[in-house]
Amino acid sequence: TEVGGLSAITYDYGRELYYTLSDDRKDYRWYTAGIDVSDDAADGPQIDVQFNSVTFLKAGEGQPPFAPEELDPEGLTLVGPHELFLAEEGVQTELIDPSVRSFSLGGTQDKNLFVPHPYLPTADESSGVRNNAAFESLTVTPDRKWLITATENALFQDGPAPTTSEGTLCRILIYDLRTHLPVAEDFYYTDPIAEEPEPADEFSTTGLVELLAINNEGSFLALERSFSVGKGNKVRLYEIHVDLPAHRTLRRLFESLPAVEETPDLASLAVDKTLVFDFDQLGIELDNVEGMTLGPKLADGRHLLVFVSDNNFDREQFTQFLFFSVTFAE
């Protein structure tokens, strides 16, 4: 199969390999990959990525097979030694709900988790997710208690899509992995679209494309990606803190926000965020970076932080891996 559309990546510490999710809308699949980091080279670390196998996704026993265009896979995380969870966007224009599902390592679906009503698409666009801007991210806390996803853009009832002057209010949705039920949510406000497209009437967007839990106390890395035709991609990494349900019940649970005109400062409803890294500092062309995972410890005690891009199976784009070594404050 063609390796492409890599919208998510997650690391399996037990097997020392990575799972990379393809967002192909017909042949739903993930790949296993090995990433070898060598510190022996005189000119610095050398990194080799090898794709080893492909697993096609199958409906559970007694369920109808997945139809083409039914799923839009975007988020992937390893929850147990034999279980991967997947987040997908559905299709708002066809009133296909977004979903969070679990799969065996062999690719067979086990669970399809309950998604609260405010997220479900509507024909009149009065509420629910926007098309291609639903569940883009997925992560699990290290203690495997909480599974977290988020919308890429605001729900229709929560506020507008982003512009070059205003960001968009994304919902963070938290599941309890003991019951597999959603229990709490919070909000994240993106930056505005980074640049005007060229020509000015062409497509542009920005959104929250990935979350990564870095401890059990509610600290996350949040990945934002902005794209404008004629300009390309801008990527920024932030740190946020979400009060998990183990600490207190969040301030809202599956409720609509006040009318937008009554809450002109939507950013005030969201968690605080701190810029960790602006990828412009790399000085390289960036593709559509959407996936992020924490890999193994390196020889010097730091962790490998891995990013991957979704090339949309477009010949003018490319699959891009970016690697960083990081430490986290105790």
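It should be noted that the structure appears before, not after, this text.
*Asks:* Describe the overall build of the protein, and please don't skip the residues or the numbers.
*Replies:* When you go through the protein residue by residue, the secondary structure sums to zero helices and 19 strands. On C-alpha atoms alone, the protein measures out to a radius of gyration of 19 Å, which is about the 20 Å that the 2.2 N^0.38 rule sets for 330 residues. Projected onto its principal axes, the C-alpha positions of the protein cover 60 × 50 × 45 Å. For the protein, the proportion of its 330 residues judged to be buried stands at 54%. In the protein, once contacts between residues fewer than 6 apart in sequence are set aside, the share between residues at least 24 apart is 58%. Accessible surface computed for the protein: about 14700 Å², of which carbon and sulfur atoms make up 48%. Treating the 23 positive side-chain charges of the protein as one cloud and the 58 negative ones as another, the clouds have centres 4 Å apart.

*Asks:* Account for the sheet that holds strand β14 (residues 219–228), naming residues and giving values.
*Replies:* Paired through backbone hydrogen bonds, the strands of a sheet run either parallel or antiparallel to each other. The strand order across the open sheet formed by four strands is β13-β14-β15-β16, and the pairing between neighbours is antiparallel. In this open sheet, the two strands that pair with only one neighbour each are β13 (204–213) and β16 (273–278). Between one strand and the next, the sheet's axes are offset by a mean angle of 25 degrees, whatever the strand orientation.

*Asks:* I'd love a proper account of the packing of aromatic side chains, names of residues and values included.
*Replies:* Enumeration according to the criterion identifies 16 aromatic pairs in this entry. Judged by centre distance (6.2 Å) and plane angle (90 degrees), the ring pair of W30 and F103 falls under edge-to-face. One end of the pair, W30, is in strand β3 (residues 29–38); the other, F103, is in strand β7 (residues 99–104), and 73 residues separate them in sequence. Taking the relative accessible area as the measure of exposure, F103 reaches 1% and is therefore buried. Ring centres of F203 and F227 lie 6.4 Å apart, and the angle between their planes is 40 degrees; this geometry places the pair in the tilted category. Of this pair, F203 sits in the loop between β12 (181–189) and β13 while F227 sits in strand β14, and the two are 24 residues apart along the sequence.

*Asks:* I'd like a description of the nonpolar core, backed by residues and values.
*Replies:* Judged by nonpolar contacts, the single largest core of 18 residues is most densely connected at I172, I174, Y188, L211 and I240. Put simply, the parts of the chain that give this core at least two residues each are β10 (146–151), β11 (169–176), β12, β13, β14 and β15 (232–241).

*Asks:* Which residues make up the pairing of β3, and what values do they have?
*Replies:* Where strand β2 (residues 17–22) meets β3, five bridges bridge the pair, whose relative direction is antiparallel. Its bridge partner being in β3, L21 is matched across the sheet by W30. Alignment of β3 against strand β4 (residues 46–56), held across 10 bridges, turns out to be antiparallel. Following the sheet pairing, Y31 is matched in β4 by V54.

*Asks:* Now, about the side chain of T206: what can you tell me, with residues and values included?
*Replies:* Within the secondary structure, T206 is located in strand β13. Note on T206: relative accessible area 2%, which makes it buried. A distance of 3.3 Å separates the side chain of T206 from the backbone oxygen of R225, its partner in a polar contact. If near-sequence neighbours (up to four positions away) are discounted, T206 is found in contact with E152, N153, P162, T190, D191, P192, I193, R225 and S226.

*Asks:* Kindly report on the pattern of salt bridges, identifying the contributing residues and their values.
*Replies:* Taken as a whole, this structure holds 17 salt bridges when the rule is applied. For R302, the salt bridge is made with D300, and the minimal N-O distance between the two is 2.7 Å. In this structure R302 comes out as partly exposed when scored by relative accessible area, which is 34%. Accessibility expressed as a relative area gives 46% for D300, which makes it partly exposed. Here the salt bridges do not stand alone but share partners, grouping D191, E224, R236, K273 and D278 into one network.

Thresholds, definitions, all that
- Residues numbered from 1 in each chain as written.
- Predicted model: local features only at pLDDT ≥ 70, side-chain atom pairs only at ≥ 80, totals over all residues.
- Heavy atoms only, no water.
- Helix = DSSP H or I, 4+ residues; strand = E, 2+ residues; numbered from the N terminus.
- Rg over C-alpha atoms; globule rule 2.2 N^0.38 Å.
- Buried < 20%, exposed > 50% of the residue type's maximum accessible area, 1.4 Å probe, protein only.
- Contact = heavy atoms within 4.5 Å.
- Areas by Shrake-Rupley, 256 points an atom, 1.4 Å probe, with all protein chains shown as cover.
- Lys, Arg positive; Asp, Glu negative; His and termini not counted.
- Charge placed at Lys NZ, Arg CZ, Asp CG, Glu CD.
- Pairing = 2+ DSSP bridges.
- Axes fitted to C-alpha atoms, helices over the stretch in contact; angles between N-to-C directions.
- Phe/Tyr/Trp six-rings, centres within 6.5 Å; stacked < 30°, edge-to-face > 60°.
- Core = buried A, V, L, I, M, F, W, Y, C linked by side-chain atoms within 4.5 Å.
- Polar contact = N/O pair within 3.5 Å; in protein donor to acceptor, adjacent residues only side chain to side chain.
- Salt bridge = Lys/Arg side-chain N within 4 Å of Asp/Glu carboxyl O.

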